[in-house]
Amino acid sequence: MLQNSSIRKSLDEYIKRRILEIPTEIKQTFPNIRQIWKCNDELDFLYGYYVGKIEEGALHYLLKATRASAGGYVDTFEIRGIIETRKMELHDAIKAAIN
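Quick caveat: nothing in here was measured; it's all calculated off a predicted structure. (Residues numbered from 1 in each chain as written. Predicted model: local features only at pLDDT ≥ 70, side-chain atom pairs only at ≥ 80, totals over all residues. Heavy atoms only, no water.)

Novice: Help me out: how do you make sense of the side chain of Arg18 in this one?
Specialist: Position of Arg18 among the secondary structure elements: in helix α1 (residues 5-29). Assessed through its relative accessible area of 11%, Arg18 is described here as buried. For Arg18, the residues in contact, after removing those within four places along its chain, are Glu25, Tyr50, Lys53 and Ile54. (Helix = DSSP H or I, 4+ residues; strand = E, 2+ residues; numbered from the N terminus. Buried < 20%, exposed > 50% of the residue type's maximum accessible area, 1.4 Å probe, protein only. Contact = heavy atoms within 4.5 Å.)

Novice: Would you take a moment to explain the packing of α1 against helix α5 (residues 87-98) for this structure?
Specialist: Working note: a packed helix pair is described by the angle between its axes plus the distance between those axes. Two numbers describe how α1 lies on α5: the axes approach to 8 Å, and their chain directions differ by 25 degrees. When the axes of α1 and α5 are compared, the pair comes out roughly parallel. The element α1 and its partner α5 pack so that their crossing is right-handed. Each of Ile19, Ile22, Pro23, Ile26 and Lys27 in α1 lies in contact with α5, whose residues at this interface are Glu89, Leu90, Ala93, Ile94, Ala97 and Ile98. For the contact of α1 with α5, the residue count by class is nine nonpolar, no polar and two charged. (Axes fitted to C-alpha atoms, helices over the stretch in contact; angles between N-to-C directions. Parallel < 35°, antiparallel > 145°, perpendicular 65-115°, else oblique. Left-handed = near helix turned anticlockwise from the far one by under 90°. Nonpolar A, V, L, I, M, F, W, Y, C, P; charged D, E, K, R; others polar.)

Quick look at the structure:
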């Protein structure tokens, strides 16, 4: 599905925008991560959380962008792979917010 270069480019832009929003979102939403979620590593916890949130948002975005039905086939592994290409940007955005 993501072979279409305009859809892929649009999805990349969506992911970039979401990553830019993350530091503000973390500061407003997650004041005491370790206490609330009982996690040992805030960075690791938030990384997994945001990969999931971006993946979910990307699926909704693609459905709107392609006007596909909810029953259409979307390869979530492909979306996750695209998100992972921005691993360091996502990591850095989260790290900046929690430090």
